[in-house]
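Each chain, written out:
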Amino acid sequence: MAYTSQAGRTPMNARLVVIASSVEDLRDKLNQWITLGKNKDIHPGAGPAELNDVFYGNIREVQYNAGDLIEGPAGKAFLADLLANNDLEKLARLWILGVEIDWSLLRRDTVPRKISLPTYPFAKERYWVRTDQQALASRAVQKNVLDTRRVTARERTEEKRKTYYASQWTLRSIAVPKEKPAVGPMLMLDVSDELFLTMKEQLQNASCSDPIVLVKPGKSFQEIGPNIYIIDPEREEHFHELIQNLKGKALLPRVILHHCSEVCNLEVKEQVTQHLNNGVYELFYLSKALMKEKQQVPLRFLSVLSSHSEGTTPLGTALGGFFKTLTLENPRYLAKVVDVQSGSGNEEMPLSEKANLVWEEIYEEDWTAQEIRYRNYMDEGKQGQARYISQLVSHTPVERELSALPLKQNNVYLITGGLGGLGLIFAEYLAKKFQSKLVLVGRSVPGVKQEEKLRQLKGHGAEILVVQADISKWEDTERVVREARARFSEINGVIHAAGVNRDSFIFNKTSEEMKAVLASKIYGTINLDVATGEEKLDFFVLFSSIAGVMGNLGQSDYAYGNHFLDSFAETRETLRKAEKRSGRTVSIDWPLWDEGGMRISKDDIALLEKQVGLSPLPTQDGIQYWEDFLRSNGAQGIALYGTPSKIAASIAQKQVVAHKNVAAPAASIDAAVLFARQVSCWPDQCRSRSGRALPLLLSRCLQEGPTESLEGCRSSRRIADGARLRSESPSPALRAEGR
Ligand SMILES: NC(=O)c1ccc[n+]([C@@H]2O[C@H](COP(=O)([O-])OP(=O)(O)OC[C@H]3O[C@@H](n4cnc5c(N)ncnc54)[C@H](OP(=O)(O)O)[C@@H]3O)[C@@H](O)[C@H]2O)c1
């Protein structure tokens, strides 16, 4: 039986090895393993194996594929030695980490042969292949119904609870077709023409005729050479002019290559502004101009950035959040960010090598991964580059691995957005539990309800300082820190919870809306970090959103801003390890809180739970997440509350659909919130009573493109405006922000 499953079956991602001496022994160990999984109330095997001779692993969840680590002659010899010596334990450990093992070489007492084992219990339902659209649609519906039935049955036994996710970098090589296909006209956004010239030369050498157009930043709109333009990246109308110009020459792009090799010094405001202009704003204006063109061909966006030494480049990597939203809003678009690490002396990769890497990424067959990293490694004295992709993986915090909570009685904590929904929840928690000295920062004067809350906080033994300040302005941030020190002499921890959103599709979004959202998330974060750079902090926590890691319909700017917080946390951790900052940095990607500043209707919540499995986070669970993330050692914590199997299914679906040009239903809570809002703005005839047709309808609308299809439902402008109107209306907190 063992030999048949070793030699006669294709190894799966989830792998279990039981070393057993008899069938009885095997039965006992399997039973024990199942019981252990049940008792832990986790998916069996989600934690480390704790039974002797039983090994479990999922190669999708391991950080490094051990197969890659033991490649080469030395690795092969090592494996051969283990097989010859019948070292079952080591073989088991390697196999569950993804190592390919030729089991026929295993030393055995007898010569085994394959036997016939029971097959899977097939449902025996017929699915004839038909090619007409009707058949495809009905099959999709049947499958949905079956999937829903299966999930619903499991859900009945499953309680809503906290699940913990993290972004994990997994080694993944690139798959490029042997025959390079034509890519169509390419539009390149770059500040210099070096990479453009190299890539053009490589195309000519390969006798390819795909045209490349270069667009550089300048102060006017001008074609300064054949297919070389300058454009003012701050003027949206220049992008429309450019697209019209290219259209006239039949050069509307099929690939957008955004290249940025300069690393931004975040402490220099002018550099930050320039990077935003030549990055997210440029891509925003360009995609808007292309959408207005109603160009219905697939379009690929690739952003290539350089990061130095071990640090990331947060303004660049945050484009992952923008791209995830862009591809949600426009399922004909594919997009990815590729972060290439420079050499150990921060020298740039040679241009021809970089051009090759870029071509490979363009030609890649599977554009599922939207965030990619190349990192240096040394192999026998030679430097190579390993390619990693970012994936969302779930994990369970293990109590014994958590450190002590870095909170102390009577310490001083600064909360930006301190008078907002979450700001006040955390102020209350700190007041009640630690009688803290609190510095609460917001732009507005506290209202009547907030004044009442402040009185209650003082009643719990807290000392409160309210500072009216705009954290996106350096002078204000500096003043906040000065006033806090003057009153309390020190600051022990920071919670950055200031934030606003201005939801609308990229198609309708204005640069003013984007600027409002990025103000506190980008400039606010940097200002706060620099202004507290000298403080002896115990923690520096950023309140981010799951929109940053999953994208979010209507929240391209908010997703970018929150992804920035996640990447910034990683960068700040590098500074902390170099003793340039103190206090652990953690970016927490929150879902919708039950009692936060953002509220939605009961109907919308029901829809959200049904479609994605996410439920509003109860305050107590939110506090538990906060404590767990503060006690763990990651720079990012992703909090998803709801029905675990449904959440996992949504995430898995999201991670595989991107390249198929199929609209994923809203899979993040913020995305789902907006989705629910949009749906509730649709005319009644577009809704189904059961709600089951809604994602199909949304996906159809999205597949057909933002302009025509949404007009088909009614009008894209009205839907997007409707979403905006609704988001302005319900909660006082939202009104205060003008959302
Ligand atoms: N609530 C949720 O469900 C949820 C989910 C995911 C992520 N988050 C994140 O968690 C944070 C807090 O959310 P919340 O629900 O508490 O939102 P909220 O109730 O709207 O509070 C945000 C606060 O930030 C303040 N603020 C905005 N811009 C500022 C600036 N430039 N300088 C100083 N203060 C500023 C606002 O006050 P003024 O307008 O008076 O300045 C407001 O009181 C946000 O960053 C949000 O992105 C929340």
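Here is what the cut-offs are and how they apply
- Residues numbered from 1 in each chain as written.
- Predicted model: local features only at pLDDT ≥ 70, side-chain atom pairs only at ≥ 80, totals over all residues.
- Heavy atoms only, no water.
- Helix = DSSP H or I, 4+ residues; strand = E, 2+ residues; numbered from the N terminus.
- Buried < 20%, exposed > 50% of the residue type's maximum accessible area, 1.4 Å probe, protein only.
- Contact = heavy atoms within 4.5 Å.
- Areas by Shrake-Rupley, 256 points an atom, 1.4 Å probe, with all protein chains shown as cover.
- Phe/Tyr/Trp six-rings, centres within 6.5 Å; stacked < 30°, edge-to-face > 60°.
- Lys NZ or Arg CZ within 6 Å of the ring centre and 35° of its normal.
- Salt bridge = Lys/Arg side-chain N within 4 Å of Asp/Glu carboxyl O.
- Core = buried A, V, L, I, M, F, W, Y, C linked by side-chain atoms within 4.5 Å.
- Domains from an automatic or database assignment.
- Polar contact = N/O pair within 3.5 Å; in protein donor to acceptor, adjacent residues only side chain to side chain.
- Expected span 1.5 Å × (residues − 1).
- Arc of directions from axis to C-beta.
- Pairing = 2+ DSSP bridges.
- Axes fitted to C-alpha atoms, helices over the stretch in contact; angles between N-to-C directions.
- Parallel < 35°, antiparallel > 145°, perpendicular 65-115°, else oblique.
- Left-handed = near helix turned anticlockwise from the far one by under 90°.
- Patch = residues over 30% accessible without salt bridge, like charges linked within 9 Å, V, L, I, M, F, W, Y side chains within 5 Å.
- Disulfide = S-S within 2.5 Å.
- Right-handed = clockwise from strand over helix to strand, strands pointing away.

**Quick notes on the overall build of the chain**
Helix and strand counts for the chain stand at 26 helices and 19 strands. A buried classification covers 53% of the 739 residues belonging to the chain. The long-range share in the chain, meaning contacts at least 24 apart out of those at least 6 apart in sequence, stands at 74%. Accessible surface, the chain: about 34,400 Å² in total, of which carbon and sulfur atoms supply 50%.

**Remarks on the packing of aromatic side chains**
Within this structure, the stated rule accounts for 25 aromatic pairs. Each ring, one from Trp-359 and one from Tyr-363, has its centre 5.8 Å from the other, and the planes form 20°; the classification is stacked. Of the two residues, Trp-359 and Tyr-363 both sit in helix H12 (residues 351–363), 4 residues apart, roughly one turn of that helix. Trp-359 gets classed as buried once you look at its relative accessible area, which sits at 8%. Accessibility expressed as a relative area gives 8% for Tyr-363, which makes it buried. The ring of Tyr-281 is capped by Lys-515, whose NZ or CZ atom sits 5.8 Å from the centre of that ring.

**Section: the pattern of salt bridges**
One pass over the full model with this rule turns up 34 salt bridges. Among the salt bridges present, the one from Glu-573 reaches Arg-576, with a minimum N-O distance of 2.9 Å. In this pair, Glu-573 and Arg-576 both sit in helix H18 (residues 556–577), 3 residues apart, roughly one turn of the helix. A residue is classified by how much of its surface remains accessible, and Glu-573, at 6% relative accessible area, is buried. Three or more residues are tied together by salt bridges with common partners; here these are Glu-267, Asp-529, Arg-572 and Arg-581.

**Brief notes about the nonpolar core**
Leu-276, Phe-301, Phe-322, Val-439 and Tyr-560 are the most contacted members of the largest nonpolar core, which totals 75 residues. The leading source of residues in this core is helix H9 (residues 269–292), at 11 residues. Both domains that furnish three or more residues to this core are identified here as domain 2 (171–395) and domain 3 (405–656). Residues contacting Leu-276, with those up to four places away along its chain left out, are Tyr-281, Glu-282, Leu-315, Leu-518, Ile-522, Tyr-523 and Tyr-560. Core analysis: the next-biggest nonpolar cluster, separate from the first, contains 36 residues, Ala-431, Trp-593, Leu-630 and Tyr-641 among them.

**Looking at the environment of Gln-391**
The residue Gln-391 is located in strand E12 (residues 382–395) in this model. Linking Gln-391 and Glu-371, residues 20 residues apart in sequence, is a C-alpha distance of 8.5 Å. A polar contact of 3.2 Å, which involves the side chain of Gln-391, links it to the side chain of Thr-170.

**Details of the side chain of Ser-306**
Its location among the elements puts Ser-306 in strand E9 (residues 299–307). Residue class for Ser-306 comes out buried when judged on its relative accessible area of 2%. Here Lys-354 takes part through its side chain, which lies 3.2 Å from a polar atom of the side chain of Ser-306. The contact partners of Ser-306, leaving out residues within four places of it in the chain, are Cys-260, Ser-261, Val-263, Thr-313, Asp-339, Val-340, Ser-342, Glu-348 and Lys-354.

**Concerning helix H8 (residues 236–248)**
Across its 13 residues, H8 extends 19 Å between first and last C-alpha, which sits within 8% of the 18 Å expected from 1.5 Å per residue. Among the residues of H8, Glu-236, His-238, Phe-239, Leu-242, Ile-243 and Leu-246 are the ones counted as buried. When H8 is viewed along its axis, its buried side chains cluster within an angular range of 155° and face the same direction. Looking one or two residues beyond H8, the residue adopting positive phi is Ala-250, at roughly 55°.

**Details of H18**
With 22 residues, H18 extends 32 Å between its outermost C-alpha atoms, agreeing within 8% with the 32 Å of an ideal straight helix rising 1.5 Å per residue. In the segment just after H18, Glu-579 is the residue with positive phi, at about 60°.

**Description of the pairing of strand E3 (residues 161–171)**
For a regular strand, side-chain orientation follows a simple rule: the groups alternate between the two sheet faces. Burial runs high along E3: 9 of the 11 residues are buried. Where E3 lies against E12, 8 bridges are found, and the strand directions are antiparallel. Note on E12: the bridge partner recorded for Gln-168 is Gln-391.

**A closer look at the packing of H8 against H9**
One way to put it is that H8 packs onto H9 with a least axis distance of 9 Å and a crossing angle of 45°. In this view, H8 runs oblique relative to H9, as classed from their interaxial angle. Seen from above, H8 lies across H9 with right-handed handedness. Residues Glu-236, Phe-239, His-240, Leu-242 and Ile-243 of H8 pack against Glu-282, Tyr-285, Leu-286, Lys-288, Ala-289, Leu-290 and Lys-292 of H9.

**A look at unusual backbone geometry**
For Asp-53, which is not glycine, the phi torsion reads 65° and is therefore positive. Topologically, Asp-53 is positioned in the loop between helix H2 (23–39) and strand E2 (54–58). Phi angles above zero are rare outside glycine, and Asn-86 is one such case at about 55°.

**Observations regarding a nonpolar patch on the surface**
There is a patch of nonpolar side chains on the surface, built from Leu-16, Leu-30 and Ile-34 and spanning about 200 Å² of accessible area. Along the chain, the position of Leu-30 falls in helix H2.

**A few points about the state of the cysteines**
Note on terminology: disulfide describes a covalent bond linking the sulfur atoms of two cysteines. One pass over the structure, following the stated rule, counts 0 disulfides. With no disulfide of its own, Cys-260 lies closest to Cys-264 among cysteine sulfurs, the gap being 8.4 Å. Cys-260 sits in the buried class, given a relative accessible area of 17%.

**Quick notes on the environment of Ile-256**
Structurally, the position occupied by Ile-256 is in strand E8 (residues 255–260). Ile-256 gets classed as buried once you look at its relative accessible area, which sits at 0%. Between the C-alpha atom of Ile-256 and that of Leu-189, which follows or precedes it by 67 residues, the distance is 7.6 Å. Not counting residues up to four positions away in its chain, the partners in contact with Ile-256 are Leu-187, Leu-189, Leu-283, Leu-286, Leu-290, Leu-299, Arg-300, Phe-301 and Leu-302.

**Digging into the environment of Ile-647**
Mapping Ile-647 onto the fold places it in helix H21 (residues 644–657). Here the alpha-carbon distance between Ile-647 and Val-612, two residues 35 residues apart in the chain, equals 5.9 Å. Filtering out sequence-adjacent residues up to four positions away, Ile-647 remains in contact with Thr-163, Tyr-165, Val-612, Gly-613, Leu-614, Leu-640, Tyr-641 and Gly-642.

**Some details on the pairing of strand E5 (residues 212–217)**
Judged by how many residues are buried, E5 sits mostly within the fold: 5 of 6 residues are covered. Relative to E5, strand E4 (residues 186–189) runs parallel, the two sharing 4 bridges. Bridge pairing in E5 places Met-188 opposite Leu-214. Remark: the E4/helix H7 (residues 194–205)/E5 crossover connection has right-handed handedness. As paired strands, E5 and strand E7 (residues 228–231) are joined by 4 bridges and run parallel to one another. Bridge pairing in E7 places Lys-216 opposite Ile-230.

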